[in-house]
Amino acid sequence: AQSVTQLDSQVPVFEEAPVELRCNYSSSVSVYLFWYVQYPNQGLQLLLKYLSGSTLVKGINGFEAEFNKSQTSFHLRKPSVHISDTAEYFCAVSDPGDAGNMLTFGGGTRLMVKP
Amino acid sequence: EAGVTQFPSHSVIEKGQTVTLRCDPISGHDNLYWYRRVMGKEIKFLLHFVKESKQDESGMPNNRFLAERTGGTYSTLKVQPAELEDSGVYFCASSQAPGGHNPYEQYFGPGTRLTVT
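Reading guide: rules and limits
Each residue is numbered by its place in its chain's sequence as written, counting from 1. As they are written, the chains are lettered A onward and the ligands numbered 1 onward, keeping that order. In keeping with the predicted nature of the model, local features appear solely for residues at pLDDT of at least 70, side-chain atom pairs appear and are counted solely at 80 or more, and the whole-chain, interface and lining totals rest on all residues. Heavy atoms throughout the structure, all of them, feed into the side-chain values; hydrogens and water do not. Runs of E in the DSSP output that reach at least two residues are strands. Runs of H or I that reach at least four are helices, and both are numbered from the N terminus. The globule rule used here is 2.2 Å times the number of residues to the 0.38 power, and the radius of gyration it is set against is calculated over C-alpha atoms. Here the term buried applies to any residue with accessible area under 20% of the maximum for its type, exposed to any over 50%, and partly exposed to those in between, with areas from a 1.4 Å probe on protein chains only. Each accessible area is a Shrake-Rupley estimate made with a 1.4 Å probe; only the visible protein chains count as cover when residues are assessed. Only four residue types enter the tally: Lys and Arg on the positive side, Asp and Glu on the negative side; His and the chain ends are excluded. Just so you know, the charge point we use is NZ for Lys, CZ for Arg, CG for Asp and CD for Glu. To count as a disulfide, a pair of cysteine sulfur atoms needs to be within 2.5 Å. Only rings of Phe, Tyr and Trp enter the pairing, Trp through its six-membered ring, and a pair is recorded when the two centres are within 6.5 Å. The plane angle decides the type: under 30 degrees is stacked, over 60 is edge-to-face, the rest tilted. Should the NZ of a Lys or the CZ of an Arg lie within 6 Å of a ring centre and within 35 degrees of the ring normal, that charge is described as sitting over the ring.

Caption draft 1: Examining the overall build of chain A more closely. Across its full length, chain A holds zero helices and twelve strands. Written out in order from the N terminus, the α and β elements of chain A read β-β-β-β-β-β-β-β-β-β-β-β. For chain A, whose C-alpha radius of gyration is 14 Å, the value lies close to the compact-globule estimate of 13 Å for 115 residues. Summarising its shape, the C-alpha atoms of chain A cover approximately 45 × 30 × 20 Å along the three principal directions. Here chain A holds 115 residues, and 46% of them are scored as buried. For chain A, the exposed surface amounts to about 5400 Å²; the carbon and sulfur share of it is 50%. Side-chain charges in chain A split into 8 positive and 10 negative, and the spacing between the mean points of these groups amounts to 1 Å.

Shown next as structure tokens:
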């Protein structure tokens, strides 16, 4: 069975500072990896995904993530955050062998950007 | 293109009552998923439809939950009778069939916040 751990439930950061949101997964098989963001009163929006190929994945809004197979991690980074990045971020995995593509989520990380 | 919509956005009901949540997926998306987030916990998978067929309902908590997708379009999730532990946010998501442009991307609705008192 797969599991996802987001080590930080909340991350406060000042505007224009860099940020890293951590995600580790546990799986005995290869995985697809995703980061979703939820802004207040909205649904989850896909930031980026890793299916195969380059381990450095670039997404929307200046975010990127790096897949590290040996450390089973998929940390999300942004070099300079804006107030508008304040939201909850979710890391998720799915099994490429699962035709249903069910997502397994981490507990979420609230990013709080302060002026 | 309209996104995934869910109705209602909020529902407050008493223990023992019945509630029906509705999800309208993106037009043409064969796959429809229900997930739930209980307060303070992870978002968890409930079930998956392919068109009108239930592909995987391994995440349904018990037989008080009934999901349908008549005609392969919108879906409903009924909770009857509701219990206190059913409170949470219920998300619906849809995705294209395999072979589509982005078959692995699930598009989520804003969720229905259910409070059982």
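Caption draft 2: Structural context of the state of the cysteines. Under the criterion given, the structure shown has two disulfides over all chains. What pairs with Cys23 of chain A in a disulfide is Cys91 of chain A, and their sulfur atoms sit 2.0 Å apart. Across the S-S bond of Cys23 of chain A and Cys91 of chain A the torsion is about -65°, and the bridge reads as left-handed. Of this pair, Cys23 of chain A sits in the loop between β3 (19–21) and β4 (24–26) while Cys91 of chain A is found in strand β10 (residues 87–94), placing the two residues 68 residues apart along the sequence. Here Cys23 of chain A and Cys91 of chain A have matching classes, each one buried. Bridging Cys23 of chain B to Cys92 of chain B, the disulfide has an S-S length of 1.8 Å.

Caption draft 3: Here's a closer look at the packing of aromatic side chains. A complete count under the given rule lists 14 aromatic pairs over all chains for this structure. Centroid distance Phe105 of chain A to Tyr35 of chain B: 5.7 Å. Interplanar angle 90°. Geometry classified as edge-to-face. Taken together, the residues Phe105 of chain A in strand β11 (residues 104–105) and Tyr35 of chain B in strand β4 (residues 31–37) connect one chain to another. The exposure class assigned to Tyr35 of chain B is buried, which follows from its relative accessible area of 0%. Chaining the aromatic ring pairs together yields one cluster made of Phe34, Tyr36, Phe90 and Phe105 of chain A together with Tyr33, Tyr35, Phe45, Phe91 and Phe108 of chain B. Here Lys114 of chain A stacks its cationic end above the ring of Phe14 of chain A, 4.7 Å away from the centre of that ring. In this structure, Arg22 of chain B is placed above the aromatic ring of Tyr74 of chain B, and the distance from its NZ or CZ to the ring centre is 3.8 Å.

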